[in-house]
Amino acid sequence: MLDTYITEPERKIPVKKFYDTVVAGGGIAGISAALAAARCGARVLLAEREYMLGGLATAGLVTIYLPLCDGNGRQVSFGIAEELLRLSASRGFEGHYSAAWMNGGSAEDRRGKRFEIQYNPYVFAILAEQILKENGVDILYGSAVCDTAVRNGRITHLIFENKSGRFAAETVNVIDATGDADVCRISGEETVVFKQGNVPASWYYAVKNGKYQLRELGFSDIPDSQKTPEQLAADRKSKRFAGLDGDELTELTLLAHRTLLEDFFKDGEDSPEHSLASVAFIPQIRMTRRIAGIYTQDDTELHREYADSVGLFSDWRKRGPVYELPFSALYGSKILNLITAGRCISVTDAMWDITRVIPVCAVSGQAAGTAAALTDDFSRTDLGRLQERLRSGGVVLHENELKADQI
């Protein structure tokens, strides 16, 4: 009979590094946060579990940089969000190209076209790596956060595990850009789990008739509260995945591999003209766990102005809505020097599908990274100074500040 548990012996963990800011997670949110903090003068470590930056946007093959605009000709997301979009297409693109947006077309030319791009994941990942190094960010691959040391409501050290074993990094503050609020959970910050779960997805690249193509199997669906009875009935036939259990993620990965291979072979056997070019090497899970922030934003709050806004974003699914991002949705009440960015910011289930995507990850990442360079207690952030820094970084904070030629 197996033991129900074992006890690890106490051990000393070496403290190998000291940083002003440690960013956990190297997806788009982590890239943006690390870049923003470094540009504000902070000494930054970006720790990533995989051996590639970009998260779902690269390793997950979700290679569409969704819109920076409202669909009616107005750009709403700026700063690092736009910088990374242009970086992803700086050496070419795969699709969704709009010359009106990319080449400075008129407001009339842009109306009805979305400011988005489809990019090559591997080119983008390496270009992002290079720009981070150019800005002085230390990158540590193959390293997952396995614990934290918390004292008086502050994280003093993050404990990582990689090929070298366990070690600690001392830090002034921490940005949780893990996508799953892993640091929040480990540190005792309050979190919330996505109730609906995720439908299976298995996007992959294949060569068909000599053409390199992205195959989009599976999707992120709308909240249950917005579905018709017919849609809800259809959903019951498909298993959902919370994305927070190792066995479950293994099951999902096996399902994704089986599904994509069956789809690939529908068009013929493997050959020089028809080949399986690339599969995701992380699970394509969109929404899992988030921080329970000081403020929780809902999808009904479109066009609302927040005094603590740190950027703008649109609804990628439809034209028209514009949202301001409240800074108070990025941090909680228990761990003073911990802030989130990306998929794990504080939003309702209905809002989650809007904020989980690349542009919002970049907007929240730039806000978190900039704030991290200014304080070791996010509840006491000088909002005026933070907003001034963001504006100097190209960010537009309020919808009413958009330029006249963008309306």
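You'll find the structure just up there.
Notes on the structure in this doc start here.

Each value, and the rule that gives it
- Residues numbered from 1 in each chain as written.
- Predicted model: local features only at pLDDT ≥ 70, side-chain atom pairs only at ≥ 80, totals over all residues.
- Heavy atoms only, no water.
- Phe/Tyr/Trp six-rings, centres within 6.5 Å; stacked < 30°, edge-to-face > 60°.
- Buried < 20%, exposed > 50% of the residue type's maximum accessible area, 1.4 Å probe, protein only.
- Lys NZ or Arg CZ within 6 Å of the ring centre and 35° of its normal.
- Core = buried A, V, L, I, M, F, W, Y, C linked by side-chain atoms within 4.5 Å.
- Contact = heavy atoms within 4.5 Å.
- Salt bridge = Lys/Arg side-chain N within 4 Å of Asp/Glu carboxyl O.
- Helix = DSSP H or I, 4+ residues; strand = E, 2+ residues; numbered from the N terminus.
- Axes fitted to C-alpha atoms, helices over the stretch in contact; angles between N-to-C directions.
- Parallel < 35°, antiparallel > 145°, perpendicular 65-115°, else oblique.
- Left-handed = near helix turned anticlockwise from the far one by under 90°.
- Nonpolar A, V, L, I, M, F, W, Y, C, P; charged D, E, K, R; others polar.
- Expected span 1.5 Å × (residues − 1).
- Arc of directions from axis to C-beta.
- Polar contact = N/O pair within 3.5 Å; in protein donor to acceptor, adjacent residues only side chain to side chain.
- Pairing = 2+ DSSP bridges.

So, on to the packing of aromatic side chains. Applying the stated criterion across every chain, the model contains 11 aromatic pairs. When the centroid spacing of 4.9 Å and the interplanar angle of 70° are considered together, the rings of Tyr119 and Phe124 count as edge-to-face. Like Phe124, Tyr119 is buried. The side chain of Arg43 reaches across the aromatic face of Tyr19, ending 4.8 Å from its centre. Taking NZ or CZ as reference, Arg110 lies 4.7 Å from the ring centre of Trp101, over its face.

Glancing now at the nonpolar core. Judged by nonpolar contacts, the single largest core of 72 residues is most densely connected at Ile28, Tyr65, Leu132, Phe327 and Ile339. Ignoring sequence-local partners within four residues, the contact set of Leu132 consists of Ile31, Ala34, Leu35, Leu46, Leu53, Val137 and Ile139. Among the nonpolar cores identified, the runner-up in size contains 20 residues, and Leu45, Ala169, Cys184 and Ile291 belong to it.

Pairs can form between side chains of opposite charge once their charged atoms are near each other. This model, assessed by the stated rule, comprises 21 salt bridges. Notably, a salt bridge pairs Asp70 with Arg74, separated by 2.9 Å at the nearest N-O pair. According to the relative accessible area criterion, Arg74 is buried, its value standing at 13%. Where Asp180 meets Arg343, a salt bridge forms, and the shortest distance between an N and an O atom there is 3.4 Å. Placement of the pair is Asp180 in the loop between strand 8 (165-176) and helix 6 (182-187) and Arg343 in the loop between strand 16 (338-340) and helix 9 (349-355), with a sequence separation of 163 residues. Taking the relative accessible area as the measure of exposure, Arg343 reaches 15% and is therefore buried. Each of Asp315, Arg317, Asp353 and Arg356 takes part in a single network of salt bridges with overlapping partners.

Quick look at the side chain of Ser278 now. For Ser278, the position within the fold is in strand 12 (residues 274-279). The class of Ser278 is buried, set by a relative accessible area of 8%. The residues contacting Ser278, other than those within four sequence positions of it, are Leu61, Tyr122, Tyr204 and Tyr205.

What follows is about the packing of helix 1 (residues 28-39) against helix 10 (residues 358-372). Contact geometry of helix 1 with helix 10 gives a least axis separation of 7 Å together with a crossing angle of 30°. In terms of orientation, helix 1 lies roughly parallel with respect to helix 10. Viewed along their axes, helix 1 and helix 10 form a crossing whose handedness is right-handed. Residues Ile28, Ala29, Ser32, Ala33, Ala36 and Ala37 of helix 1 form the contact with helix 10, whose own contacting residues are Ile358, Cys361, Ala362, Gly365, Gln366, Gly369 and Thr370. By residue class, the composition of the contact of helix 1 with helix 10 is eight nonpolar, five polar and no charged.

Moving on, we get to helix 8 (residues 246-265). One turn of the α-helix equals 3.6 residues, which is why residues spaced by three or four share an orientation. Look at helix 8: 29 Å from first C-alpha to last across 20 residues, which is about the 28 Å you get at 1.5 Å a residue. The set of residues buried in helix 8 consists of Glu248, Leu252, Ala256, Leu260, Asp263 and Phe264. Buried residues of helix 8 fall within an arc of 130° about the axis and therefore sit on the same side. The exposed set on the far side of helix 8, more than 90 degrees from its buried face, consists of Asp247 and Leu254. Each element contacted by the buried residues of helix 8 is listed here: strand 10 (204-208), strand 11 (211-215) and strand 12. Taking the backbone nitrogen of Asp247 as reference, a side-chain oxygen 3.0 Å away marks Asp245 as the first, capping residue of helix 8.

Note: strand 1 (residues 15-24) against strand 8, eight bridges, orientation parallel. Counterpart to Ala24 in the pairing with strand 8 is Asp176. Note that strand 7 (residues 154-162) and strand 8 share six bridges and pair antiparallel. Looking at the pairing, Glu161 lines up with Arg166 of strand 8. Between strand 7 and strand 8, which pair antiparallel in sequence order, lie two residues. In the sheet, strand 8 pairs with strand 16 via three bridges, with the strands oriented parallel. By the bridge assignment, Ile175 is partnered in strand 16 with Ile339.

Tracing the chain through its elements places Leu302 in the loop between strand 13 (289-291) and strand 14 (309-314). Taking C-alpha positions, Leu302 is 9.8 Å from Phe313, a pair spaced 11 residues apart along the chain. Apart from residues lying up to four places away in sequence, Leu302 is in contact with Pro321, Val322 and Tyr323.

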